[in-house]
Amino acid sequence: MKIIIINGPNLNLLGKREPEIYGQHTFEDYFDILKSKFDAIELDYFQSNIEGEIISKLQETGFSYDGIVLNAAAYTHTSIGIGDAVKAISTAVVEVHISNTFAREEFRHQSFISAHAKGVVLGFGLQSYELAIQSFLS
Ligand code: DQA
């Protein structure tokens, strides 16, 4: 089984960025933990601050991988292009957010991805990613 985690803008700053919301761990450290937890899965990771690169990665992996875990970060709330890409590909996408976006500002309540996703996991901190991966196993 092959799964990719795709992270959007500013998620390269995890550990430094608003730690009261996003926690103290870098994603790279957490990714190592995930890889050892799910050692039977081929797990890839991609992060970009650039909308078009996220769309290209969805297109590149979206017809061959078994699952995509997508945290499009702020683009979730703005990007019709990323939403269209999720709709266009055949691999199921689980949308993930570290924070509970519904408990935050109103502009974070809107998602251009959710309608095309297999499901949404949010609000569980970094554990949201683990729950999303698990959803592909059951
Ligand atoms: C986020 C929530 C978004 O609203 C925000 O722009 C992010 C991170 C989350 O994981 O909680 O950058 O996707």
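If you're wondering where the values come from, they're calculated on a predicted model, not measured in any experiment. (Residues numbered from 1 in each chain as written. Predicted model: local features only at pLDDT ≥ 70, side-chain atom pairs only at ≥ 80, totals over all residues.)

Quick look at the overall build of the chain now. For the chain, the helix and strand inventory stands at five helices and five strands. Tracing the chain from N to C terminus, the helices and strands come up as β-α-α-β-α-β-α-β-β-α. Over its C-alpha atoms the chain spans a radius of gyration of 14 Å, differing by no more than 12% from the 14 Å that the globule rule assigns to 138 residues. Taken along its principal axes, the extent of the C-alpha atoms in the chain is 35 × 35 × 25 Å. Long-range pairs, those at least 24 residues apart, make up 76% of the contacts in the chain between residues at least 6 apart in sequence. (Helix = DSSP H or I, 4+ residues; strand = E, 2+ residues; numbered from the N terminus. Rg over C-alpha atoms; globule rule 2.2 N^0.38 Å. Contact = placed C-beta atoms within 7 Å.)

In the vicinity of the ligand, the contacting residues are Asn 10, Asn 71, Ala 73, Ala 74, Thr 76, His 97, Ile 98, Ser 99, Thr 101 and Arg 108. Looking at side-chain class alone, the shell around the ligand contains three nonpolar, six polar and one charged residues. (Near = placed C-beta within 6 Å. Nonpolar A, V, L, I, M, F, W, Y, C, P; charged D, E, K, R; others polar.)

Bringing the UniProt feature "active site" (unreviewed entry) in the chain into the picture now. UniProt marks Tyr 22 and His 97 with the feature "active site" (unreviewed entry), using the numbering shown here. What stands out for the annotated residues spanning 76 residues is how close their C-alpha atoms remain, the widest pair being 9.7 Å apart. By secondary structure assignment, the location of Tyr 22 is in helix 1 (residues 19–22). Taking the number of C-beta atoms within 10 Å as the measure of exposure, Tyr 22 has 19 and is therefore partly exposed. Setting aside residues up to four positions removed in sequence, Tyr 22 forms contacts with Leu 14, Arg 17, Ile 98 and Ser 99. Its place among the elements puts His 97 in strand 4 (residues 93–97). Discounting chain neighbours no more than four positions away, the residues touching His 97 are Asn 71, Leu 122 and Ser 128. (UniProt positions renumbered as here; feature names shortened; annotations may be inferred. Buried ≥ 20, exposed ≤ 12 C-beta atoms within 10 Å, placed from the backbone.)

This brings us to the UniProt feature "binding site: substrate" (unreviewed entry) in the chain. According to UniProt, the "binding site: substrate" (unreviewed entry) feature falls on Asn 71, His 77, Asp 84, Ile 98, Ser 99 and Arg 108. A stretch of 38 residues holds the annotated residues, and the largest C-alpha distance among them is 23.7 Å, long enough that they do not meet in one place. The contact partners of Asn 71, leaving out residues within four places of it in the chain, are Asn 7, Gly 8, Leu 11, Val 96 and His 97. Mapped onto the elements of the fold, Ile 98 is located in the loop between strand 4 and strand 5 (119–122). If sequence neighbours within four positions are ignored, Ile 98 has contacts with Tyr 22, Gly 125, Leu 126 and Ser 128.

We now examine the packing of helix 3 (residues 51–61) against helix 4 (residues 80–88). One can describe the packing of helix 3 onto helix 4 by two numbers: an axis separation of 9 Å at closest approach and a directional angle of 0°. Taken together, the axes of helix 3 and helix 4 are roughly parallel relative to one another. Residue-level contacts link Glu 51, Ile 54, Ile 55, Leu 58 and Gln 59 of helix 3 to Gly 81, Ile 82, Ala 85 and Val 86 of helix 4. (Axes fitted to C-alpha atoms, helices over the stretch in contact; angles between N-to-C directions. Parallel < 35°, antiparallel > 145°, perpendicular 65-115°, else oblique.)

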